[in-house]
Amino acid sequence: MFKSVRWLIVGLLFIAGMINYLDRSALSIAAPLIQQDLGLDHAQMGVIFSSFFAGYAIFNFIGGWLSDRIGPKTVFTGAMGMWSLFCGLTAAATGFVSMIVLRVLFGVGEGPLSSTMSKTVSNWFPRREAATAIGIVNSGTPLGGAVAGPIVGYLAIAFGWRLAFVIIMLLGFVWLVFWVRLSTDRPAQHPRISDAERRLIEEGQADIDDAARLPAQGLGFYLRQPIVLATAFAFFTYNYVLFFFLTWFPSYLTEVHKLSIKDMSLATVIPWMLGFLGLALGGFVSDRIFRLTGRALLSRKLVLIGGLGLAAVGVALAGDVADVSSAVALMSVSIFGLYLTGSIYWAVIQDAVRGENVGGVGGFIHFLANLAGIIGPAVTGFIIQATGGVYTSAFVLAGGLAVLGAVASLVFIREPRGRAGGVAVQGAK
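Nothing here was measured: the structure is a model prediction, and the numbers come from that model.

Next up on the list: the overall build of the chain. When its secondary structure is counted, the chain shows 19 helices and two strands. The globule rule puts the C-alpha radius of gyration for 429 residues at 22 Å, and the 21 Å found for the chain is close to it. Taken over 429 residues, the chain has a buried fraction of 59%. In the chain, once contacts between residues fewer than 6 apart in sequence are set aside, the share between residues at least 24 apart is 84%. Only carbon and sulfur atoms are counted for the fraction: they give 69% of the accessible area of the chain, which is about 15300 Å². Positive and negative charge centroids in the chain, built from 29 and 22 side chains respectively, lie 6 Å apart.

So, in structure tokens, the structure goes:
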């Protein structure tokens, strides 16, 4: 018998996050080779980067909604299978149009990832452990980004970029075998969970779940709430900076600082590793503040403001330095600050929304947030094309948006003071 089944589930989700960002980062690592092979310019590459998010953003919401209705295990199984398949099929791309089609379908497969992870944690963890669990789960994604550079870079150089995509596809199919055998939607369904652990989870969810004490509301009610919309906007700014780094920073290093593919692949490991530490730490810090103050949303807001502020400073300065060491150092600071907030958006959802709507609301917020993926890489590509390869304005724009995300968190994410007609009234605390 497993000593703690809920942490086994976290371990599986952690590995899934690693595979997710390994797969997602592969295109940006191999981008210089792909551009040369397929004859693509910066504007076209920016559109290709953005096309992934056309499918991804829509299925953020659909995947979260489905996880509320048919369960996160089934949704995650289908998602991993689909995104792994289309990651491998990237090897079949012949030009601009085929690459766009493949990236859209790849995005559809990855879309349910985060909202389904959030739903799984909501089902499996007491509230006082929720942000920590989400932080650990999500910390797999920057670790996947960190290993993507050396792995994809080596495979692309040694065997060609097409075979690299086929090889990393196989990792997703191996993970699926363990997920199907070892996971369930809820603790009560798991054959290996102990009675003690099941009671700990159930009592921990009921004891302090303020959202559960609200009267049942339809999904539409939550989608109109200022706290939900502000969280979505802050998440949008987070994603804008993240996807700017994910899609264009490798090209910035090779074009502006003249790194080779090999050296660029190694340099990108440093920001990702700090991102891994930030993501694991952010949820822990927020839960620690929560336990000290008893005010969940205050603990979430403080981490959001500090993390987004740090990210804004780092990315705004990173594009205006003369040497590669300073660029990587500043971008590492930015990614660390950014990832401090990575689990907090999902924790806010679990603090403010009844459990039966966590998947749908989380999917809606993730959908709005990932519009940044549609807009950001394409805008960056056109900026670079229009300025003749100068990246500075693109870095400053990303930093400015992160500042606005911190301001939205400060103003609209507030502790409830009372109830009006069964609805939490937000007061400035």
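The next thing to look at is the side chain of threonine 268. Counting through the fold element by element, threonine 268 comes out in the loop between helix H12 (261-267) and helix H13 (269-293). We classify threonine 268 as buried; its relative accessible area is 2%. In this structure threonine 268 touches Ile29, Gly149, Phe245, Pro250 and Leu253, once residues within four positions along its chain are discounted.

On to the environment of phenylalanine 61, then. Looking at where phenylalanine 61 falls in the secondary structure, it is placed in helix H2 (residues 42-70). The sequence separation of phenylalanine 61 and proline 112 amounts to 51 residues, and the corresponding C-alpha distance is 7.4 Å. Here phenylalanine 61 is in contact with Leu219, Gly360, Gly363, Phe364 and Phe367, once residues within four sequence places are set aside.

Summed over all chains, the structure comprises 28 aromatic pairs. Here the aromatic rings of phenylalanine 76 and tryptophan 175 are separated by 5.4 Å at their centres, their planes lie at 45°, and the arrangement is tilted. Pair noted here: phenylalanine 76 is in helix H3 (residues 72-89) and tryptophan 175 is in helix H8 (residues 161-182), with a separation of 99 residues, a long-range link.

We now examine the nonpolar core. Ile34, Phe76, Trp175, Val361 and Phe395 are the most contacted members of the largest nonpolar core, which has 122 residues in total. Counting residues per element, this core draws most heavily on helix H11 (residues 226-255), which supplies 18 residues. Excluding anything up to four places from it in sequence, tryptophan 175 contacts Leu12, Ile15, Ala16, Ile19, Phe76 and Met80.

This part is about the pattern of salt bridges. For the coordinates displayed, the defined rule picks out nine salt bridges. The salt bridge partner of aspartate 351 is arginine 300, with a shortest N-O separation of 2.7 Å. With a gap of 51 residues between them, aspartate 351 in helix H16 (residues 344-352) and arginine 300 in helix H14 (residues 296-318) connect regions that are remote in the sequence. In this structure, aspartate 351 and arginine 300 share a single accessibility class: buried. One network of salt bridges, with partners in common, ties together Arg6, Glu129 and Glu197.

Bringing unusual backbone geometry into the picture now. Its identity as a non-glycine residue notwithstanding, lysine 258 has a phi of 60°, on the positive side. Relative to the assigned elements, lysine 258 resides in the loop between H11 and H12.

Let us now look at helix H6 (residues 127-138). Helical geometry: 3.6 residues make up each α-helical turn, so side chains three or four residues apart lie on a common side. The terminal C-alpha atoms of H6, which comprises twelve residues, lie 17 Å apart, in line with the 16 Å expected from a rise of 1.5 Å per residue. Counted residue by residue, H6 has nine buried out of twelve residues, so it is predominantly covered. Every buried residue belonging to H6 is among Arg127, Ala130, Ala131, Thr132, Ala133, Ile134, Gly135, Val137 and Asn138, and all of these are buried.

Let's shift gears to H2. With 29 residues, H2 extends 41 Å between its outermost C-alpha atoms, agreeing within 8% with the 42 Å of an ideal straight helix rising 1.5 Å per residue. Residue phenylalanine 59 marks the point of greatest curvature in H2, where the axis turns by about 30°. Near the N-terminus of H2, the side chain that reaches the backbone nitrogen of alanine 43, with its oxygen 3.1 Å away, is that of aspartate 41. Remark: glycine 71 follows H2 within two positions and exhibits a positive phi of approximately 100°.

Tracing the chain through its elements places threonine 237 in helix H11. Beyond its immediate sequence surroundings of up to four residues, threonine 237 is in contact with Leu308, Leu401, Ala402 and Gly405.

For the pair helix H1 (residues 5-38) and H2, the least separation of the axes is 11 Å and the interaxial angle reads 155°. Classified by the angle their axes make, H1 and H2 are roughly antiparallel. The hand of the H1/H2 crossing is right-handed. Here Arg24, Leu27, Ser28, Ala31 and Gln35 of H1 come into contact with H2, specifically with His42, Met45, Ile48, Phe49, Phe52, Phe53 and Tyr56. Its residues placed into classes, the contact of H1 with H2 shows eight nonpolar, three polar and one charged.

Further remarks concern the packing of H11 against helix H18 (residues 371-386). For the pair H11 and H18, interaxial distance at closest approach is 9 Å and the crossing angle is 50°. Compared by their axis directions, H11 and H18 come out oblique. The two elements H11 and H18 cross, and the hand of that crossing is right-handed. Residue-level contacts link Phe236, Asn239, Tyr240, Phe243, Phe244, Thr247 and Trp248 of H11 to Leu371, Ala372, Gly373, Ile375, Gly376, Pro377, Val379, Thr380, Gly381 and Ile384 of H18. Partitioned by chemical class, the residues of the contact of H11 with H18 number eleven nonpolar, six polar and no charged.

Turning next to a nonpolar patch on the surface. Where nonpolar side chains cluster on the molecular surface, the patch consists of Val403, Val407, Leu410, Val411 and Phe412 and spans about 400 Å² of accessible area. With respect to the secondary-structure elements, valine 411 resides in helix H19 (residues 392-412). Look at valine 411 and you get partly exposed, because its relative accessible area is 31%.

Thresholds applied
- Residues numbered from 1 in each chain as written.
- Predicted model: local features only at pLDDT ≥ 70, side-chain atom pairs only at ≥ 80, totals over all residues.
- Heavy atoms only, no water.
- Helix = DSSP H or I, 4+ residues; strand = E, 2+ residues; numbered from the N terminus.
- Rg over C-alpha atoms; globule rule 2.2 N^0.38 Å.
- Buried < 20%, exposed > 50% of the residue type's maximum accessible area, 1.4 Å probe, protein only.
- Contact = heavy atoms within 4.5 Å.
- Areas by Shrake-Rupley, 256 points an atom, 1.4 Å probe, with all protein chains shown as cover.
- Lys, Arg positive; Asp, Glu negative; His and termini not counted.
- Charge placed at Lys NZ, Arg CZ, Asp CG, Glu CD.
- Phe/Tyr/Trp six-rings, centres within 6.5 Å; stacked < 30°, edge-to-face > 60°.
- Core = buried A, V, L, I, M, F, W, Y, C linked by side-chain atoms within 4.5 Å.
- Salt bridge = Lys/Arg side-chain N within 4 Å of Asp/Glu carboxyl O.
- Expected span 1.5 Å × (residues − 1).
- Bend = angle between axes of the 7 residues up to and from the residue.
- Polar contact = N/O pair within 3.5 Å; in protein donor to acceptor, adjacent residues only side chain to side chain.
- Axes fitted to C-alpha atoms, helices over the stretch in contact; angles between N-to-C directions.
- Parallel < 35°, antiparallel > 145°, perpendicular 65-115°, else oblique.
- Left-handed = near helix turned anticlockwise from the far one by under 90°.
- Nonpolar A, V, L, I, M, F, W, Y, C, P; charged D, E, K, R; others polar.
- Patch = residues over 30% accessible without salt bridge, like charges linked within 9 Å, V, L, I, M, F, W, Y side chains within 5 Å.

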